[in-house]
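Listed below are the residues making up each chain.
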Amino acid sequence: MPDLHVMTRAGGQTTIKQGLVDELSRTMGGQVLTPSSAEYDKARAVWNAMFDRRPALIVRCAETQDVVEAIRFARRHDLLVAVRGGGHNIAGTGVCDGGIVIDLSLMSTIQVDPTHRTVRVGSGAILADVDRATQAHGLVTPLGINSTTGIAGLTLGGGFGWISRRYGLTIDNLNSVEIVLASGETLRASATEHADLFWGVRGGGGNFGVVTSFEFRLHEMGPEILSGLIIHPLDAARDALRFYRDFIADTPEEFVCWAVLRQAPPLPFLAPEWHGREVLILAVCHCGRVPDGERVAAPLRGYGRPLADVIAPTPFTEWQRALDPLLGAGARNYWKSHNIAKLSDGLIDVLVDFARRIPDPQSDIGVLQVGGAVNRVPTHATAYAARDAQFILNVHGRWSDPSKDVECMEWARALLRAAEAFATGGAYVNFLTHDDQDRVRASYGANYDRLVELKTRFDPMNHFRLNVNIRPKR
């Protein structure tokens with residue numbers, strides 16, 4: 001086997017003898033893959049098809065000690081490191097060209113303790129795994145909206161979804177983490193152990209080390225909730241969004257409604273003549289008792305003349321998978337995001353205008369309601385700082401044909417600029433793309449300087465830099 005030419009942390013290149021790779025492999029409970037390995041191409045593929053990168057080494061870890069060995073190997077040879085959980089990151093940071101990938105996908109064990117209402121989750125697990133395990137006991141922790149998302153990336157960036165208004169962000173339900181630092185040291189961080197590090201990982205991303213497991217608090221919920229879609233023509237969207245804005249101002253925290261503007265997919269309950277035409281979709285979820293949800297949703301369901309209304313009692317695990325067909329792997333994705341405090345008339349006009357210019361049937365504009373329990377946590381309590389946001393605007397550029405890259409990316413950027421006047425200045429870090437490094441400070445707001453101090457302490461050489469990077473002091 002030939003020696004490997006591997007990218008260094010500084011951007012140069014070093015040669016790794018095959019014997020050193022073999023030695024690393026012998027220390028592992030998992031696998032070490034090189035470009036000649038049969039599983040290499042599958043292991044290097046990530047969710048966002050805009051990133052087709054070829055690492056020199058992929059270390060597929062099966063246990064925490066594998067992560068320790070991989071980090072020590074990377075540090076010993078000063079290698080460029082990427083860390084992959086579910087591989088779902090919009091910026092493609094779970095894989096790198098020429099460097100080493102620490103792949104956590106095999107570490108997907110889930111242990112539910114229904115008595116103490118906790119769940120311990122390996123960092124390679126995806127949302128569907130966690131929902132399935134916890135809902136078997138009628139329990140839940142707030143996660144995201146696409147069941148194939150990795151639990152690690154979602155959590156480290158904050159994590160929000162359908163039940164966050166009631167139960168908070170994913171990080172607001174985090175009891176502890178096990179984390180391997182750049183030094184190779186393994187720590188348990190919680191509110192009482194290494195509390196400063198625990199503060200940082202709750203929203204600070206993968207900047208401080210590789211988290212190998214998470215423990216979450218659980219809440220009684222489900223298994224059946226009220227959820228579904230109401231669809232209006234785009235021509236009715238301005239008035240419908242104004243009604244929506246006023247309606248949700250008085251709804252309980254168990255209720256959430258997200259607004260999506262897009263070209264209608266070929267949904268079986270939508271008349272065929274509307275497939276491919278611009279629509280407003282209101283996605284509703286009520287995580288309390290179904291009869292209570294029906295009463296809360298009644299005014300929204302009674303408004304206007306919708307094209308479809310398919311709100312009904314649904315198993316929560318099924319609702320968590322409802323958007324999966326629109327968010328599968330293999331498409332090209334480029335997102336832009338703003339935090340929004342108020343859905344003003346001016347912003348509604350901008351959104352409807354850009355919805356008429358959506359460049360691809362897979363693209364959409366999401367107005368994602370948060371607030372509630374998310375807002376009650378003080379700004380300085382966690383690294384995640386955007387506690388004032390009532391909505392997260394996600395400009396979701398998505399397409400398959402590479403020849404449409406410029407058109408779709410420019411549409412997303414133009415909408416970001418047009419909506420800037422209505423934004424808080426912050427953004428959800430999990431929605432930042434590869435060209436958003438200039439928005440990192442604003443995304444963390446008043447917490448940024450403390451994060452820099454933590455980064456300087458725990459990763460002064462910036463080994464963990466392929467992320468929404470918080471640069472250490474020099």
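These numbers were taken from a predicted model, which means no experiment stands behind them.

1. Notes on the nonpolar core
Grouped together as the largest cluster of nonpolar side chains are 76 residues, with contacts concentrated most on F160 and L197. For this core, the leading source of residues is helix α15 (residues 448-458), giving five residues. Those residues within four positions of L197 in sequence are excluded, and the remaining contacts are I179, L181, L187, A189, F208, L454 and F458.

2. Observations regarding the pairing of strand β10 (residues 174-180)
Among the seven residues in β10, five count as buried, and that is most of the element. With six bridges connecting them, β10 and strand β12 (residues 210-217) associate as antiparallel partners. Bridging from a neighbouring strand, I179 pairs with V211 of β12. As paired strands, β10 and strand β11 (residues 186-190) are joined by five bridges and run antiparallel to one another. Along β11, the bridge assignment pairs I179 with L187. Hairpin geometry of β10 and β11 is characterised by an intervening segment of five residues between the two adjacent antiparallel strands and by a positive phi of about 95° at G184.

3. Side note on unusual backbone geometry
Cis geometry is adopted by the peptide bond preceding P223, which originates at G222 and carries an omega value of 10°. Within the secondary structure, P223 is located in the loop between β13 (219-220) and β14 (224-233). A positive phi angle is found at H194, which is not glycine, with a value near 50°. With respect to the helices and strands, H194 occurs in the loop between β11 and α7 (195-201). The phi dihedral of N462 falls on the positive side, at around 55°, and the residue is not glycine.

4. Regarding the state of the cysteines
Tallied over the full model, the rule gives zero disulfides. With no disulfide of its own, C285 lies 6.1 Å from the sulfur of C287, the closest cysteine sulfur.

5. A short note on the packing of aromatic side chains
In this description, a pair of aromatic rings is defined by centroid distance and the angle of the planes. Inspection of the entire model under this criterion finds 13 aromatic pairs. With a centroid separation of 6.1 Å and 70° between ring planes, the pair formed by F160 and F431 is classed as edge-to-face. Within this pair, whereas F160 is found in the loop between α5 (151-156) and α6 (164-167), its partner F431 is found in the loop between α13 (405-419) and α14 (440-444), the two being separated by 271 residues in sequence. The class of F160 is buried, set by a relative accessible area of 5%. Overall, the relative accessible area of 10% leaves F431 in the buried class. Seen from their ring centres, F247 and F255 are 5.7 Å apart, and the 85° between their planes marks the pair as edge-to-face. Considered together, F247 and F255 belong to a single accessibility category, that of buried residues.

Each value, and the rule that gives it
Residues numbered from 1 in each chain as written. Predicted model: local features only at pLDDT ≥ 70, side-chain atom pairs only at ≥ 80, totals over all residues. Heavy atoms only, no water. Core = buried A, V, L, I, M, F, W, Y, C linked by side-chain atoms within 4.5 Å. Buried < 20%, exposed > 50% of the residue type's maximum accessible area, 1.4 Å probe, protein only. Helix = DSSP H or I, 4+ residues; strand = E, 2+ residues; numbered from the N terminus. Contact = heavy atoms within 4.5 Å. Pairing = 2+ DSSP bridges. Disulfide = S-S within 2.5 Å. Phe/Tyr/Trp six-rings, centres within 6.5 Å; stacked < 30°, edge-to-face > 60°.

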